[in-house]
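Working through the structure, step by step
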Amino acid sequence: PEALVRAVIRQETGWLRNPDRQATIASPAGALGVMQVMPRTGAGLGYSTADLRDPSKNIDAGTKYLSQLMRQFSGDIAKVAAAYNAGPGAVQKYNGTPPYKETQDYVAKVTQYYREYSSQVVAATNTATKAATAQAAASAAVSATVSKSVNLLPKTAAIDPAKADKTILTGAPTTGTVTSTFG
């Protein structure tokens, strides 16, 4: 989920809070870029060390890795965050967050940020849904008005093209034969 990607980026490098921060940052452990992807992990996903220094490719690599972890840990956000930080082997060994202070703190922060970003996505979705519903209701009202107006015309009436503008503006039908096609 987008909220998880944003949460990991925020915890790993603070990039979303501080856009001036170097996207090519390297950790003392050797993790690279915005999502702090380890070169070995990146290579397993098809990314070179140079790729991991490119912010866009780094985010692609980190997102792919999170996707793998989501499948491996059945969408359990805490386990996914723990595996991103300590490795999937440690999460499997302890059947959850390993007893490492750094990883426990990491999981607490990532899950907190994930909840924040998830609620923002839900709020944005609700706003978009309300706007779409209002637009659909307005469109339906216009359609109903047009349908009522059209139904006021006698079924046998034909509109004379020469008087079409007057007919449309006044709503008064004219009779005659339509001799041309309107495009």
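These remarks concern the structure in this document. Note on numbering: residues in each chain are counted from 1, in written sequence order. In view of the model being predicted, local features appear only for residues whose pLDDT reaches at least 70, and side-chain atom pairs are presented and counted only at 80 or more, with totals across whole chains, interfaces and linings using the full set of residues. Hydrogens and water are ignored here; the side-chain numbers use all heavy atoms of the structure.

Some words on the pattern of salt bridges
Salt bridges are defined by distance alone: a side-chain nitrogen of Lys or Arg within 4 Å of a carboxyl oxygen of Asp or Glu. This structure, assessed with the given rule, holds three salt bridges. Residues Arg10 and Glu116 are paired through a salt bridge, measuring 3.1 Å at the closest nitrogen-oxygen approach. Linking Arg10 in helix H1 (residues 2-12) with Glu116 in helix H7 (residues 101-151), this pair joins segments that are 106 residues apart in sequence. When the shortest N-O distance is used, the salt bridge between Asp105 and Lys101 registers 3.0 Å. Highlighted residues: Asp105 and Lys101, both in helix H7, separated by four residues, approximately one helical turn. Asp105 sits in the partly exposed class, given a relative accessible area of 39%. Only DSSP runs of H or I reaching four residues or more are called helices, and only runs of E reaching two or more are called strands; each is numbered from the N terminus. Think of it in three bands: with a 1.4 Å probe and only protein chains considered, a residue is buried below 20% of the maximum accessible area for its type, exposed above 50%, and partly exposed in between.

Examining the nonpolar core
Grouped together as the largest cluster of nonpolar side chains are 31 residues, with contacts concentrated most on Leu4, Val8, Met35, Leu66 and Tyr84. Where this core is concerned, the elements lending two or more residues are H1, helix H4 (55-72), helix H5 (77-86) and H7. Every residue in contact with Met35, bar those within four places of it in the chain, is listed here: Val5, Val8, Ile9, Glu12, Asn58, Ile59, Gly62, Thr63, Leu66 and Tyr84. Residues enter a nonpolar core if they are buried and are Ala, Val, Leu, Ile, Met, Phe, Trp, Tyr or Cys, with the set joined through side-chain atoms within 4.5 Å. Pairs of residues are marked as contacts when any of their non-hydrogen atoms sit within 4.5 Å.

Points about the environment of Thr13
Locating Thr13 in the fold gives a position in the loop between H1 and helix H2 (39-44). Thr13 gets classed as buried once you look at its relative accessible area, which sits at 4%. Along the primary structure Thr13 and Ile25 are separated by twelve residues, whereas in three dimensions their C-alpha atoms are 8.0 Å apart.

Observations concerning the packing of aromatic side chains
When the centres of two rings from Phe, Tyr and Trp lie within 6.5 Å, Trp using its six-membered ring, the rings pair. Their planes under 30 degrees apart give stacked, over 60 give edge-to-face, and anything left gives tilted. According to the stated counting rule, one finds two aromatic pairs in the structure shown. Ring geometry for Tyr65 against Tyr84: centres 5.5 Å apart, planes inclined by 45 degrees, an arrangement best described as tilted. One end of the pair, Tyr65, is in helix H4; the other, Tyr84, is in helix H5, and 19 residues separate them in sequence. A relative accessible area of 10% means that Tyr84 is categorised as buried. Between Tyr94 and Tyr100 the ring centres are 6.1 Å apart and the planes differ by 85 degrees, which places this aromatic pair in the edge-to-face class.

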